[in-house]
Structures are given as C-alpha cells and as structure tokens.
Amino acid sequence: MSEPLIDLRSDTVTRPTPAMLEAMFRAPVGDDVYEEDPTVRALEQEAAARFGLEAGLFCPSGTMTNQIAIKAHTEPLSEVVCEQTSHIYLWEVGGIAFHSGASVALLPGERGRLTAPQVEAAIRPVNVHYPITSLISLENTHNRGGGSCYELAEIEAIAEVARRHQIPLHLDGARIFNALVATGQESTEYGRLFDSISVCLSKGLGAPVGSVLLGSRAFIQKTKRIRKVMGGGMRQAGYLAAAGLYALQHNVERLADDHRRARQLAATLAAQPYVDFVLPADTNLVIFRLRDEMPAAQFLARLEAQGIKASAFGPQMIRFVTHLDVDDAMIGRIEAALAAVRS
Ligand SMILES: *Cc1c(COP(=O)(O)O)cnc(C)c1O
C-alpha cells in the first residue's frame with residue numbers, strides 16, 4: 001500500500017473524523033432561517049459563551065463572517081483601519097469595497113501585528129475631504145505573519161484607543177483558538193475587548209464547513225439581515241453546526257500538538273542549506289524563504305514527488321500548515337523528504 005498523501009497547504013483540508021460524522025448524523029435540525037434549528041442555536045450559544053459574548057451567527061465561511069461584520073459596523077464613505085497584509089483586505093476579493101463601499105487605511109505591521117500609536121495615527125480627523133474612520137480590525141493569529149500572536153497588553157492599548165474615539169473593534173479570529181492555546185490567554189478577555197469576533201470552525205478545529213460571528217445580541221440581530229442578502233441564510237444547517245460544536249468540544253486543546261509539530265518542522269527547515277530563513281513558528285503556520293538557487297516551483301515539485309503538498313506564498317516563500325490530519329509519523333516522512341531535497 002502506498003503511503004498517504006501529506007497535505008500541508010492549509011488547515012482547511014481536514015476531513016471529518018468518524019466521531020464528528022456521527023455527531024452530524026445524530027444532530028436535531030430545523031429551518032434556521034425560521035430560527036428553528038436547535039443545533040445551530042447550540043453552536044452559536046456555546047461559541048458566544050466561550051468569549052463571554054451574548055450571541056453568535058453561524059455562516060458558511062470566515063470570509064462571510066468578516067464581511068458581514070464589516071458591513072454591519074461601517075457606512076459607505078467610511079474607512080476600515082487594518083494591517084496591509086490582513087486577510088480581510090488581501091484575500092477576501094476586495095469585499096470591503098464591494099459589500100460596504102468603504103475605504104481601507106492599510107498599516108504596515110510587524111508580522112501582521114499593529115501597535116496602538118500606529119492605529120491612533122491612522123484615525124481620520126473630521127474633515128469634508130476624508131472618509132470617516134468607522135472600524136478597526138485586527139487579525140489573531142496573523143496568517144501572512146506566519147501565525148503570529150498578539151500580546152494581550154497591545155490589544156488592550158488598541159481597544160483603549162478605539163473606545164476613546166468611539167470606533168468599534170473587530171477581530172478576524174479565524175485562528176483565535178491557536179492564539180489562545182499558544183499564549184494561555186483567556187477567551188473571555190477577547191470578548192471584553194472586541195465588539196465582534198469571527199471564528200473559523202473549518203481550520204485547525206477540523207469541521208468541514210463553517211465560521212461563527214460573535215457579538216452583542218443587538219449586533220447579531222443586525223447581522224442576520226446582512227447574512228440573508230449575501231445568500232448565507234441556511235435551512236437545516238444543524239448538520240453542519242453539529243460538526244462545529246463537536247470541534248469546539250473536542251479539538252481545541254489538541255492544537256498544542258499542531259504547534260509542537262510546526263516548531264519541529266521549523267527547526268528542520270532552518271538546518272537545510274537551501275533555506276534562507278524561517279519565520280518563528282509561534283502556532284501552526286511555518287513560513288520560510290528558499291535561497292535563490294532553489295526555485296519555489298522546483299522545491300514544491302520535489303516534495304510532491306514524495307507525496308507532500310505545500311503552497312508557494314510569494315516569491316521564494318513557502319508555507320507549511322500543520323493540522324488534525326498531520327501526525328508524528330508524517331512529520332518524520334516530511335523531515336526525510338526535506339533532507340532528500342538537498343542532494
Ligand atoms: C481562512 C481565513 C479566513 C476565512 O476564510 P474562509 O476560507 O472564507 O473560511 C479569514 N481570516 C483568516 C486570517 C483566515 O486565515
């Protein structure tokens with residue numbers, strides 16, 4: 001029997017386990033547009049409660065939860081302050097302009113992290129020539145920054161700026177549980193500091209589909225209409241929500257294993273002669289640069305020949321992602337393959 005393929009392209013590639021499928025199969029469901037699906041309600045309530053927030057909104061994707069939140073917080077002719085490589089700007093198809101008619105103030109972060117003085121300096125004075133700053137959005141962990149995490153003190157300082165200027169603060173927390181597990185921070189601190197939080201269930205948590213947007217009851221009530229106009233009102237969605245609920249209950253603590261494996265891969269990569277540098281592997285993303293004499297396409301082809309998939313992440317840059325479907329035996333195979341690329 002040939003060895004299984006190892007897919008390091010993303011933590012979105014995981015397949016539901018038999019236990020997760022069993023939970024989906026057994027889920028009580030109803031029509032969620034009529035607010036009659038008990039499993040969707042249970043997921044929304046459990047996710048919100050974890051962060052000390054009042055309500056949640058189950059959606060098909062993290063792009064949708066982010067874009068709904070941005071639309072709910074902003075008006076046309078206003079502006080969103082975010083990092084220049086943030087997912088909401090870079091990888092959501094220009095949705096801020098399309099859905100919200102809003103502009104962006106793009107700030108250069110340190111591995112995706114902003115500082116409070118940077119954010120404060122980007123807030124527009126009231127002037128007829130300017131858009132109105134209507135939202136500040138942070139991303140934690142930061143994808144493009146290689147899974148970097150914020151210090152809570154920095155978020156507190158940014159939240160203080162937001163409060164003083166009466167500007168809402170959104171978190172793209174696609175991988176917030178990776179940040180919580182890596183830092184030991186409390187999820188309720190995030191609920192206290194942010195007006196809205198988007199959480200992906202289909203990344204490291206291992207659900208096949210789904211994200212949940214969290215906030216106050218009034219905020220989530222407003223977002224329901226926006227989800228509907230985007231075509232995200234789902235009917236017997238409890239089958240999918242059951243996977244998310246199972247993921248929240250069973251797959252959070254184990255993220256520490258993904259982080260340990262990512263650190264191990266980062267150390268192996270740093271020792272390879274064809275690797276220029278590796279970003280610190282703070283969570284489950286390992287971003288590294290190949291030396292010029294090793295073209296990215298050639299490196300990826302050599303790995304693929306050994307049954308390992310990864311993605312290019314810019315010129316000479318590669319990203320490896322560890323997740324639920326990458327075990328220690330696979331890490332051993334990846335290390336052997338990396339050593340073989342050398343010769
Ligand atoms: C994956 C991701 C999202 C949402 O992606 P979807 O594929 O739409 O679920 C949002 N933000 C970040 C940082 C992500 O990595």
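For clarity, every value in this text was computed on a predicted model and none was experimentally measured.

Thresholds, definitions, all that
Residues numbered from 1 in each chain as written. Predicted model: local features only at pLDDT ≥ 70, side-chain atom pairs only at ≥ 80, totals over all residues. Heavy atoms only, no water. Helix = DSSP H or I, 4+ residues; strand = E, 2+ residues; numbered from the N terminus. Rg over C-alpha atoms; globule rule 2.2 N^0.38 Å. Buried < 20%, exposed > 50% of the residue type's maximum accessible area, 1.4 Å probe, protein only. Contact = heavy atoms within 4.5 Å. Areas by Shrake-Rupley, 256 points an atom, 1.4 Å probe, with all protein chains shown as cover. Lys, Arg positive; Asp, Glu negative; His and termini not counted. Charge placed at Lys NZ, Arg CZ, Asp CG, Glu CD. UniProt positions renumbered as here; feature names shortened; annotations may be inferred. Near = heavy atom within 4 Å. Polar contact = N/O pair within 3.5 Å; in protein donor to acceptor, adjacent residues only side chain to side chain. Salt bridge = Lys/Arg side-chain N within 4 Å of Asp/Glu carboxyl O. Axes fitted to C-alpha atoms, helices over the stretch in contact; angles between N-to-C directions. Parallel < 35°, antiparallel > 145°, perpendicular 65-115°, else oblique. Left-handed = near helix turned anticlockwise from the far one by under 90°. Core = buried A, V, L, I, M, F, W, Y, C linked by side-chain atoms within 4.5 Å. Domains from an automatic or database assignment. Buried area = accessible area lost by both parts, 1.4 Å probe. Disulfide = S-S within 2.5 Å. Pairing = 2+ DSSP bridges.

(A) The arrangement of the overall build of the protein in detail. Within the protein, the regular secondary structure consists of 14 helices and 13 strands. Relative to a compact globule of 343 residues, whose C-alpha radius of gyration would be 20 Å, the protein shows 20 Å and is just as compact. Dimensions along the principal axes, computed over C-alpha positions, put the protein at roughly 60 × 50 × 35 Å. Evaluated residue by residue, the protein yields a buried proportion of 56% over its 343 residues. Contacts spanning at least 24 positions in sequence make up 75% of the contacts within the protein whose residues lie at least 6 apart. Accessible area for the protein stands at about 14,600 Å²; split by element, carbon and sulfur atoms hold 55% of it. Computing the positive centroid from 33 side-chain charges and the negative centroid from 39, the protein places the two 3 Å apart.

(B) Inspection of the UniProt feature "domain: Aromatic amino acid beta-eliminating lyase/threonine aldolase" (unreviewed entry) in the protein at higher detail. Per the UniProt record, "domain: Aromatic amino acid beta-eliminating lyase/threonine aldolase" (unreviewed entry) is annotated on residues 7-291. Here residues 7-291 runs as 42% helix and 18% strand, with 23 Å between its end C-alpha atoms.

(C) How the structure looks around the UniProt feature "modified residue: N6-(pyridoxal phosphate)lysine" (unreviewed entry) in the protein. Per the UniProt annotation, the sites labelled "modified residue: N6-(pyridoxal phosphate)lysine" (unreviewed entry) are Lys203. Among the secondary structure elements, Lys203 is positioned in the loop between β7 (196-200) and β8 (211-215). A relative accessible area of 13% places Lys203 in the buried class. Not counting the four nearest positions on each side in its chain, Lys203 is found in contact with Asp11, Thr12, Thr14, Ala174 and Arg175.

(D) Region of interest: the site of the ligand. Gly62, Thr63, Asp172, Arg175 and Lys203 are the nearest of the 13 residues found near the ligand. Measuring from an oxygen atom of the ligand, one finds a side-chain N or O atom of Arg175 at 2.9 Å. Here an oxygen atom of the ligand sits 2.9 Å away from a polar atom, N or O, in the side chain of Lys203. Contact with the protein chains hides 84% of the accessible area of the ligand, taken as 380 Å² for the molecule alone. No other element matches the three residues that helix α3 (residues 62-73) contributes to the shell around the ligand.

(E) Fine view of the pattern of salt bridges. Counting across every chain of the model gives 20 salt bridges. Between Glu22 and Arg26 there is a salt bridge, with its nearest N and O atoms 2.8 Å apart. Among the ionic pairs, Arg289 bridges to Asp276, the shortest N-O distance being 3.1 Å. Highlighted residues: Arg289 in strand β10 (residues 285-290) and Asp276 in strand β9 (residues 275-278), separated in sequence by 13 residues. Residue classification places Asp276 among the partly exposed positions, given a relative accessible area of 34%.

(F) Here's a closer look at the environment of Glu83. The residue Glu83 is located in strand β3 (residues 78-83) in this model. Residue Glu83 is classed as buried on the basis of its relative accessible area, which comes to 4%. For Glu83 and Gly109, which are 26 residues apart along the polypeptide, the C-alpha to C-alpha distance reads 5.9 Å. Among all residues touching Glu83, those that are not within four sequence positions of it are Leu106, Leu107, Pro108, Gly109, Gly112, Leu114 and His142. Here the side chain of Glu83 touches Thr85 through a polar contact of 2.5 Å, side chain to side chain. At 2.7 Å, the side chain of Glu83 and the backbone nitrogen of Gly109 are in polar contact.

(G) Focus on the packing of α3 against helix α10 (residues 217-229). At a closest axis distance of 9 Å, the pairing of α3 and α10 adopts a crossing angle of 115°. It follows from the interaxial angle that α3 and α10 lie roughly perpendicular. Relative to α10, the crossing made by α3 is right-handed. Counting all contacts with α3, which are made through Met64, Ile68, Ala69, Lys71, Ala72 and His73, the residues of α10 involved are Phe219, Lys222, Thr223, Ile226 and Arg227.

(H) View of the nonpolar core. The biggest cluster of nonpolar side chains holds 56 residues, and the ones touching the most others in it are Phe51, Ile136, Leu138, Phe177 and Tyr190. In terms of nonpolar packing, the next biggest core, distinct from the first, is built from 28 residues, Ala266, Tyr274, Ile331 and Val341 among them.

(I) How the structure looks around the domain arrangement of the protein. When the domains of the protein are assigned, the result is domain 1 (18-250) and domain 2 (254-341). With centres defined by C-alpha atoms, the gap from domain 1 to domain 2 works out at 28 Å. Counting residues at the interface gives 20 residues for domain 1, matched by 15 residues for domain 2. Between domain 1 and domain 2, a total of about 1,400 Å² is buried, with carbon and sulfur atoms accounting for 58% of that surface.

(J) Region of the structure containing the state of the cysteines. The final tally for this structure, using the stated rule, is zero disulfides. Here Cys149 stays free of any disulfide, with the sulfur of Cys200 as its closest cysteine sulfur at 16 Å. According to the relative accessible area criterion, Cys149 is buried, its value standing at 10%. We note that Cys200 lacks a disulfide partner, and the nearest cysteine sulfur, in Cys59, lies 11 Å from it.

(K) Inspection of the pairing of strand β2 (residues 55-59) at higher detail. By the criterion of burial, β2 is predominantly enclosed, with five of the five residues buried. Of the two faces of β2, the one holding Ala55, Leu57 and Cys59 and the one holding Gly56 and Phe58 are both buried throughout. Pairing of β2 with β8, which is carried by five bridges, proceeds in the antiparallel orientation. Pairing of Cys59 across the sheet is with Ser211, part of β8.

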